[in-house]
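Now for the letters of each chain:
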Amino acid sequence: YGEGKIGVEIKRSDFMIKSNVTSSSVINAAIERYQYLVEHEYFESPYDFNEGAIKTSGYIYSLEVDVQSAQDVFDLETDESYTLEVPVEGKAVISAKTPFGAVRGLETFSQLIVANSGRKIIKNAPVRIVDAPKFAHRGILLDTSRNFYHVDAILRTLDAMAYNKLNVLHWHVVDAFSWPIESKVHPELTEKGAYSVDMRYSYEDVKKIINYAKNRAIRIMPEFDMPGHTFTIGEAHPEIMSCLNKQPNWDKFSAEPPSGQLNIADPRAVSFAFDIITEYSRLFLDLGFHMGGGVLNVDCWKEDPVIELYIRDHPGESINSLVNGWFTQMSEKLNEMGKISIAYEDPVLNFNYAAKNTTILQAWASEDSVSKIVDKGYRAIASPWNRYYLDCGHGSWLSNFEGNSWCDPYKGWQQIYSYNPLANITDPEKQKLVIGGE
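Predicted model only: the values in this text are computed from it and were never measured. Residue numbers here run from 1 along each chain, matching the order of that chain's written sequence. pLDDT decides what is reported in this predicted model: residues at 70 or higher carry local features, side-chain atom pairs at 80 or more are listed and counted, and totals for whole chains, interfaces and linings draw on all residues regardless. Calculation of side-chain values draws on the structure's entire complement of heavy atoms; hydrogens and water are dropped beforehand.

Caption draft 1: Summary view of the overall build of the protein. In terms of regular secondary structure, the protein is built from 15 helices and 17 strands. The globule rule is 2.2 Å times the number of residues to the power 0.38, and the radius of gyration it is compared with is taken over C-alpha atoms. The globule rule puts the C-alpha radius of gyration for 438 residues at 22 Å, and the 25 Å found for the protein is close to it. Exposed residues in this analysis have more than 50% of their type's maximum accessible area, buried residues have under 20%, and partly exposed residues fall in between, with area computed by a 1.4 Å probe over protein chains only. Counting only residues that meet the buried cut, the protein has 53% of its 438 residues in that class. Every residue pair with non-hydrogen atoms within 4.5 Å of one another is taken to be in contact. Counting only contacts in the protein whose residues sit at least 6 apart along the sequence, the fraction spanning at least 24 positions is 73%. For the protein, the exposed area adds up to about 20,400 Å²; of that, 51% sits on carbon and sulfur atoms. Strands are runs of DSSP state E lasting at least two residues, helices are runs of H or I lasting at least four, and both sets are numbered from the N terminus onward. The protein chains shown are the only cover counted for residues, whose accessible areas, like all others here, come from Shrake-Rupley with a 1.4 Å probe.

The structure is reproduced here in structure tokens:
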């Protein structure tokens with residue numbers, strides 16, 4: 001980054017953003033979006049409060065977006081780097097290897113502009129910024145099962161992510177509480193599992209969200225959490241469930257009610273999970289597919305008579321081996337669908353699941369989980385609850401509880417920004433396995 005000391009004004013009457021690439025829908029949508037922002041967004045910096053009219057001595061008439069490739073594929077390997085140059089007069093230039101790097105450069109350009117005395121100006125020209133992300137995965141997890149978010153709210157979230165150059169919306173689509181997404185293979189899931197008719201995502205809704213995100217250089221990574229957190233499936237298919245809605249001692253069988261996990265010894269449960277993976281692998285375009293696997297409750301399966309009988313009739317089998325078998329089968333199915341398997345840390349760190357080395361594991365239980373994952377040779381997404389969980393500190397959801405949430409206190413920005421996911425990982429090769437965080 002480098003800057004000068006001269007203020008330059010955006011010549012709004014004829015300012016234009018142009019690109020050498022016209023065949024990219026991402027570039028075309030971004031130019032239209034940022035052209036509007038430059039013309040209509042009005043931000044007066046608090047830093048300039050009572051400064052009066054800032055002196056300028058030149059004009060920027062246009063912004064040229066120079067992109068090497070029009071390829072619109074966005075994944076973990078996509079180059080998001082860019083260079084932005086703002087001179088003291090004439091044409092500003094963004095240079096990027098991909099449309100997605102260009103989107104990042106356009107966002108930076110828009111953030112350099114401040115309103116002053118009825119003008120749009122950029123301070124401290126000439127400006128030269130050479131920028132690239134440190135991590136390929138910079139995400140937010142959005143849970144639409146516990147709390148339904150309408151499509152417009154998701155789109156606003158994507159806008160906010162784009163402003164902050166976040167690039168992955170980890171869509172935790174379903175959980176124990178509801179099944180809000182349309183299924184054409186198992187329509188009974190939405191019919192019995194959605195909170196209401198108005199709290200559902202159609203195929204068209206999903207496609208709209210994916211396209212909206214892509215135009216903002218954001219991937220939509222879906223999560224269909226199985227075999228745990230699946231009470232809502234039991235509403236339609238109790239025959240493939242274990243410990244379904246155990247009361248009143250639900251806390252023996254789940255972290256929060258209602259309890260219920262897919263029966264990992266039942267071939268019908270495996271077949272059902274294959275249906276889910278197949279259907280939604282086709283709907284969601286991202287290469288990454290999160291298969292869940294968090295907070296698996298062993299007592300739920302130990303006390304299931306079907307599983308108890310299966311283990312008795314199959315010497316050498318155990319809950320541990322059944323968990324391993326489940327995730328092996330799910331991973332193979334995802335591989336068949338051309339997807340990269342993503343899972344929470346639990347199957348590998350708690351059940352010794354020998355995942356393929358292409359698997360990405362999400363660390364949540366502690367900061368130490370990140371180093372444990374990369375020590376085993378897997379790629380890691382860092383999401384330790386004590387640093388990144390935004391739902392903490394808002395009180396308990398249980399009326400008879402002491403009033404605190406399980407992960408108090410609330411995580412302020414200082415707590416989040418001070419976390420280094422590479423802490424205690426000194427080997428450069430292992431550091432490369434930490435692909436980012438959420």
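Caption draft 2: Local environment of the state of the cysteines. Throughout, disulfides are identified as pairs of cysteine sulfur atoms within 2.5 Å of each other. With the rule as written, the count across this model stands at two disulfides. The connectivity of the disulfides in the protein is 1-2, 3-4, where the numbers refer to bonded cysteines in sequence order.

Caption draft 3: Summary view of the packing of aromatic side chains. For this analysis, a ring pair means two rings from Phe, Tyr or Trp (six-membered ring only for Trp) whose centres lie within 6.5 Å, classed as stacked if their planes differ by under 30 degrees, edge-to-face if by over 60, and tilted for the remaining angles. Here the structure, examined in full by the defined rule, presents 16 aromatic pairs. Both rings, one in W385 and one in W406, keep their centres 5.4 Å apart while their planes meet at 45°; by these two values the pair is tilted. Of this pair, W385 sits in helix α13 (residues 385-388) while W406 is found in the loop between α13 and α14 (413-417), placing the two residues 21 residues apart along the sequence. What makes W385 partly exposed here is its relative accessible area of 23%. When the centroid spacing of 6.3 Å and the interplanar angle of 75° are considered together, the rings of W413 and Y417 count as edge-to-face.

Caption draft 4: Summary view of the pattern of salt bridges. Whenever a carboxyl oxygen of Asp or Glu lies within 4 Å of a side-chain nitrogen of Lys or Arg, that contact is scored as a salt bridge. Scanning the model with the defined rule gives 18 salt bridges in all. One salt bridge connects R146 with D175, and the closest N-O pair in it is separated by 3.3 Å. Placement of the pair is R146 in the loop between β8 (137-143) and α3 (151-163) and D175 in the loop between β9 (168-174) and α4 (187-193), with a sequence separation of 29 residues. The class of R146 is partly exposed, set by a relative accessible area of 29%. Several salt bridges share partner residues, and in doing so they unite D143, R146, D175 and E256 into one network.

Caption draft 5: Expanded view of the side chain of D225. Following the sequence through the fold, D225 ends up in the loop between β10 (219-224) and α6 (231-236). Charge assignment: positive for Lys and Arg, negative for Asp and Glu; neither His nor the chain ends contribute. Of the side chains bearing the opposite charge, R146 lies closest to the buried D225, which forms no salt bridge; the N-O distance is 7.1 Å. Throughout this description, a polar contact denotes any pair of N or O atoms lying within 3.5 Å of each other; where both atoms belong to protein, one of them has to be capable of donating a hydrogen while the other can accept it, and for residues adjacent in sequence the pair is counted only when both atoms sit in side chains. Separated by 3.0 Å, the side chain of D225 and the backbone nitrogen of G293 make a polar contact. With residues near it in sequence (within four places) discarded, D225 still touches H172, V174, D175, T230, M291, G292, G293, G294 and Y344.

Caption draft 6: Spotlight on the packing of helix α1 (residues 25-40) against helix α2 (residues 99-112). In the contact formed by α1 and α2, the axes pass within 10 Å of each other and the chain directions differ by 5°. As the angle between them shows, α1 and α2 are arranged roughly parallel. Between α1 and α2, the residues in contact are V26, I27, A30, I31, R33, Y34 and V38 and P99, F100, A102, V103, L106, E107, F109 and S110, respectively. Under the scheme applied here, ten amino acids are nonpolar (Ala, Val, Leu, Ile, Met, Phe, Trp, Tyr, Cys and Pro), four are charged (Asp, Glu, Lys and Arg), and all others, including Gly, are polar. Considering only residue class, the contact of α1 with α2 consists of twelve nonpolar, one polar and two charged. Note on method: axes are straight lines fitted to C-alpha atoms, helices fitted across the in-contact stretch only, with angles between N-to-C directions ranging 0 to 180 degrees. The scheme is simple: roughly parallel for angles under 35 degrees, roughly antiparallel for over 145, roughly perpendicular for 65 to 115, oblique for anything else.

Caption draft 7: Main features of the environment of S25. In this structure, S25 sits in helix α1. In this structure, the C-alpha to C-alpha distance between S25 and A70, residues 45 residues apart in sequence, is 9.0 Å. Residue contacts for S25: discarding those within four places in its chain leaves D72 and N215. At 3.3 Å, the side chain of S25 and the side chain of D72 are in polar contact.

Caption draft 8: Up close: unusual backbone geometry. Between M226 and the following residue, P227, the backbone shows a cis peptide bond with an omega angle of 10°. Inspection of the secondary structure puts P227 in the loop between β10 and α6. Cis peptide bonds are those with omega within 30 degrees of zero, and the linkage from Q247 to P248 qualifies with 0°. If you trace the backbone, P248 turns up in the loop between β11 (241-242) and β12 (261-262). We note that A217 has phi near 60°; this positive angle belongs to a residue other than glycine. Residue A217 is classed as buried on the basis of its relative accessible area of 0%. For N245, which is not glycine, the phi dihedral falls at a positive 50°. Structurally, N245 is set in the loop between β11 and β12. You can call N245 partly exposed: its relative accessible area is 36%.

Caption draft 9: Seen up close, the pairing of β8. The buried fraction of β8 amounts to five of the seven residues, a majority that puts the element mostly inside the structure. We call a crossover right-handed when, viewed with both strands directed away from the observer, the connection leading from the first strand over the helix to the second proceeds clockwise. Between the parallel elements β8 and β9, the chain passes through α3 in a crossover that is right-handed.

Caption draft 10: Representation of the pairing of strand β2 (residues 16-19). Burial of β2 is one-sided: the residues I17 and S19 facing one way are buried, the residues M16 and K18 facing the other way are not. When DSSP locates at least two bridges between a pair of strands, those strands are taken to pair. Relative to strand β3 (residues 56-67), β2 runs parallel, the two being bridged by four bridges. What sits directly across from I17, in β3, is L63.

Caption draft 11: The arrangement of the environment of F224 in detail. Here F224 shows up in strand β10. Relative accessible area serves as the criterion here: at 1%, F224 is assigned to the buried category. Placed 203 residues apart in sequence, F224 and V21 show a C-alpha to C-alpha distance of 37 Å. Once you skip the residues sitting within four places of it in the chain, F224 turns out to touch V173, V174, W179, I181, I276, Y280, F284, F289, H290, M291 and G292.

In short, the description is geometric, and any link to function would need to be established separately.
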